[in-house]
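The chain contents come next:
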Amino acid sequence: MRDSPHMIQAVKGTRDILPEEVGRWHFVEEKARRVFRRYGFREIRTPVFESTDLFARGIGEGTDLVLKEMYTFTDRGDRSLTLRPENTAPVVRAAVENGLFRHGSNRLYYIGPMFRYERPQKGRMRQFHQIGVEAFEPNEPSVDAEIIEMSVAFLTELGITATDLVINSAGCNLPHCRQAYRGLIQEALASHVEELCPDCRRRLRENPLRILDCKAGCRRFLNELPTLLERQGPECRDHFNETRRHLDLLEVQYRVDPQLVRGLDYYVQTTFEITGKSLGAQNALLGGGRYDGLVEALGGPPLGGFGFASGLERLILSLPPGVGEPGPGPDLYIATLGRAADEHAMLIARELRKRGLWVEWDPDPERSLKAKSRRAGQRQARYILFLGEDEIRRGVLTLKRMDGGVQTEIDASDLNRLTREVGDA
Ligand code: HAM
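Just so it is clear, the structure is predicted and the values come from calculations on it, not from any experiment. (Residues numbered from 1 in each chain as written. Predicted model: local features only at pLDDT ≥ 70, side-chain atom pairs only at ≥ 80, totals over all residues. Heavy atoms only, no water.)

### Description of the overall build of the chain
So, step 1. Summing up its helical and strand segments, the chain has 15 helices and 16 strands in all.
So, step 2. By the compact-globule yardstick of 22 Å for 425 residues, the chain is too spread out, its C-alpha radius of gyration being 29 Å.
So, step 3. Along the longest, intermediate and shortest principal axes, the C-alpha atoms of the chain span 95 × 55 × 40 Å.
So, step 4. When the 425 residues of the chain are sorted by exposure, 49% land in the buried category.
So, step 5. Sequence-distant contacts, at least 24 apart, represent 68% of the contacts inside the chain between residues at least 6 apart.
So, step 6. About 21800 Å² of surface is accessible on the chain, with carbon and sulfur atoms providing 49% of the total. (Helix = DSSP H or I, 4+ residues; strand = E, 2+ residues; numbered from the N terminus. Rg over C-alpha atoms; globule rule 2.2 N^0.38 Å. Buried < 20%, exposed > 50% of the residue type's maximum accessible area, 1.4 Å probe, protein only. Contact = heavy atoms within 4.5 Å. Areas by Shrake-Rupley, 256 points an atom, 1.4 Å probe, with all protein chains shown as cover.)

### Focus on the packing of helix 5 (residues 141-158) against helix 9 (residues 234-249)
So, step 1. Relative to each other, helix 5 and helix 9 sit at 45°, their axes nearing to 8 Å. For the element pair helix 5 / helix 9, the angle class is oblique. The chirality of how helix 5 crosses helix 9 is right-handed. Seen from helix 5, the contacting residues are P141, S142, D144, A145 and I148; seen from helix 9, they are H239, E242, T243, H246 and L247.
So, step 2. Split by residue class, the contact of helix 5 with helix 9 holds four nonpolar, four polar and two charged. (Axes fitted to C-alpha atoms, helices over the stretch in contact; angles between N-to-C directions. Parallel < 35°, antiparallel > 145°, perpendicular 65-115°, else oblique. Left-handed = near helix turned anticlockwise from the far one by under 90°. Nonpolar A, V, L, I, M, F, W, Y, C, P; charged D, E, K, R; others polar.)

### Looking at the sheet that holds strand 3 (residues 71-74)
So, step 1. Sheet architecture is open: three strands sit in the order 2-4-3, paired in antiparallel fashion. What marks the edges here is a single partner per strand, and that holds for strand 2 (49-51) and strand 3. Strand-to-strand twist in this sheet, taken as the mean axis angle between neighbours without regard to direction, amounts to 35°.
So, step 2. In this structure, strand 2 lies alongside strand 4 (residues 80-83), joined through three bridges in antiparallel fashion. Paired with F49 across the bridge in strand 4 is L83.
So, step 3. Against the sheet, helix 2 (residues 52-59) contacts strand 2, strand 3 and strand 4, and its axis sits at roughly 75° relative to strand 2. (Pairing = 2+ DSSP bridges.)

### Here we look at the environment of G99
So, step 1. Note on placement: G99 falls in the loop between helix 4 (88-97) and strand 5 (106-115).
So, step 2. Since its relative accessible area comes to 18%, G99 is described here as buried.
So, step 3. Separated by 161 residues in sequence, G99 and L260 place their C-alpha atoms 35 Å apart.

### Things to note about the sheet that holds strand 16 (residues 407-411)
So, step 1. Spatially, 13-12-14-15-16 is the arrangement adopted by the five strands of the open sheet, whose pairing is mixed. Here the strands that pair on one side only, and so sit at the sheet edges, are strand 13 (359-361) and strand 16. Neighbour to neighbour, the strand axes of the sheet diverge by 25° on average, direction disregarded.
So, step 2. Sheet topology note: the strand 12 (residues 332-336)/strand 13 ladder contains three bridges and is parallel. Across the sheet, I334 pairs through a bridge with W361, a residue of strand 13.
So, step 3. The sheet contacts of helix 13 (residues 369-378) involve strand 12 and strand 14 (383-387), and relative to strand 12 the element is tilted by about 170°.
So, step 4. This element, helix 15 (residues 415-423), spans strand 12, strand 14, strand 15 (396-401) and strand 16 of the sheet and lies at about 150° to strand 16.

### Here we look at the pattern of salt bridges
Close approach of charged atoms allows side chains of opposite charge to pair.
So, step 1. In this structure the tally under the stated criterion is 35 salt bridges.
So, step 2. Close ionic contact of R255 with D164 constitutes a salt bridge, the shortest N to O distance being 3.7 Å. Within this pair, whereas R255 is found in strand 8 (residues 255-256), its partner D164 is found in strand 7 (residues 163-169), the two being separated by 91 residues in sequence.
So, step 3. Linking E351 and R355 is a salt bridge whose minimum nitrogen-to-oxygen distance equals 3.5 Å.
So, step 4. Counted as one network, the salt bridges with shared partners bring together D64, K68, D199, R202, R203 and E206. (Salt bridge = Lys/Arg side-chain N within 4 Å of Asp/Glu carboxyl O.)

### Points about the site of the ligand
So, step 1. Neighbouring the ligand are 25 residues; E86, E118, E134, Y267 and A284 lie closest to it.
So, step 2. Between an oxygen atom of the ligand and a main-chain N or O atom of A284, the distance comes to 2.8 Å.
So, step 3. Surface burial for the ligand is 95%, taken as the share of its 660 Å² of free accessible area covered by protein chains.
So, step 4. Looking at the shell around the ligand, the elements with two or more residues in it are strand 6 (127-136), strand 10 (284-290) and strand 11 (305-311).
So, step 5. In terms of residue count, strand 10 provides more of the shell around the ligand than any other element does, five residues in total. (Near = heavy atom within 4 Å. Polar contact = N/O pair within 3.5 Å; in protein donor to acceptor, adjacent residues only side chain to side chain.)

### Quick notes on the packing of helix 2 against helix 4
So, step 1. Put simply, helix 2 and helix 4 touch, their axes get as near as 9 Å, and they point 110° apart. The orientation of helix 2 relative to helix 4 falls into the category roughly perpendicular. Residues L54, F55 and G58 of helix 2 lie in contact with helix 4, whose contacting residues are A89, P90 and R93.

### Overview of the nonpolar core
So, step 1. Core analysis: the largest hydrophobic core is formed by 40 residues, its most contacted members being V28, F36, F41 and F154.
So, step 2. Considering each element in turn, this core owes the most residues, nine residues, to helix 5.
So, step 3. In this structure, V28 is in contact with I131, F154, L158, L312, L315, I316 and L319, ignoring residues within four places of it in sequence.
So, step 4. Listed in part, the 29 residues of the second largest apolar core include V92, M125, Y266 and Y267. (Core = buried A, V, L, I, M, F, W, Y, C linked by side-chain atoms within 4.5 Å.)

### Regarding the side chain of N207
So, step 1. For N207, the position within the fold is in the loop between helix 7 (198-206) and helix 8 (228-231).
So, step 2. Polar side-chain contacts of N207 include one of 2.9 Å to the side chain of D265.
So, step 3. Those residues in contact with N207, other than ones at most four positions away along the chain, are G62, R202 and D265.

### Some words on the side chain of N87
So, step 1. Inspection of the secondary structure assignment puts N87 in the loop between strand 4 and helix 4.
So, step 2. The exposure class assigned to N87 is buried, which follows from its relative accessible area of 1%.
So, step 3. Within polar-contact distance, the side chain of N87 engages the side chain of T46 at 3.3 Å.
So, step 4. Not counting residues within four places of it along the chain, the set of residues in contact with N87 comprises T46, Y110, M114 and Q130.

Take it as geometry only, folks, not as evidence of what the structure does.
Structure below.
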């Protein structure tokens, strides 16, 4: 595309989804709807922007996501708003606000755009799309296993099988669990403060666990430290073992990775991620875990939460070839010559469209019947209907199958027959 001074380009980190690729998006979205419904999930749609406060409180003030990656702006009414960088906190907000917890448990899913100010690269966008699920129900390890099993089933149904599932436990907020581990990190780093990156110096005070997720390598000072998985309290250890037992029961293949750190603060106990082997550096296909406490923190009842979200762009990059390719073209393409034929074609098109058929035609008087019939081929029409001067004079329509070339003449007033011929493909 030549650059013109008048041309405005899509904003960095965003892209258009073009007609020839949209079939793959539909394929993934429809599979998600079908699979999630079988597990009792219902769809929810929430606004793309929310009060900034929701994310600061929901995701955690000390996370990179909140500190560095949010699209936050002040609107004309002086409110601080943020384009949603994720959808767990908004779904909890919506469920609380709309009384969805009145009858207890709820299983909800969503599909839509999210926004993060990150450095764009293959599979990492500033506007990207997530398909996600949230199960709000009492904390039972069988729920963790069931939802993880569903995420695997979803990928399998998409034909994405070269994947790796890792699980870990983030512990909980009891004093002898995560809090004790925070103390261990602080102790281990007390003599390395000067060597830490500026972010980690702050994290050491405010949120030491985040140092495990440092992109600048500060984690190296913690290599000797036992992992949180080894140090968590007996409640979390039992929960993790039970989750693993249920995963085994469901024959889910996984690996335990004590180094797995998720980028959001709301997680407790089980966390998991599935990576795709065909993706590059940005290989996380989906991730999630348990987040008990978030519903209550946002004003709801003391109900557990477990969910995950998957990046649609990454799913689409991982689909096997040929999946969701554009289907065949129109049922019928009408090639006309002359004004009388055009008017007749319009009426035929209207009638057949009413009967559910996909009909296209081209009123351009400059193009010959031959050019129009070439166009029918390009559009991959199944049938072409010729309506030239000869047909108009004789009161007939000439119908031809695009593949076999068999030609039939139909009485111009017999639209029932035309519908039958074209409809019975
Ligand atoms: P997350 O790991 O931040 O989790 O994002 C989930 C998935 O979204 C990632 O695994 C990745 O596929 C995709 N993703 C994230 N950032 C980008 C990006 N910049 N460009 C393209 N794809 C991206 C969450 O968002 C949690 N809310 C998941 C969850 C739901 N946990 C519990 N319930």
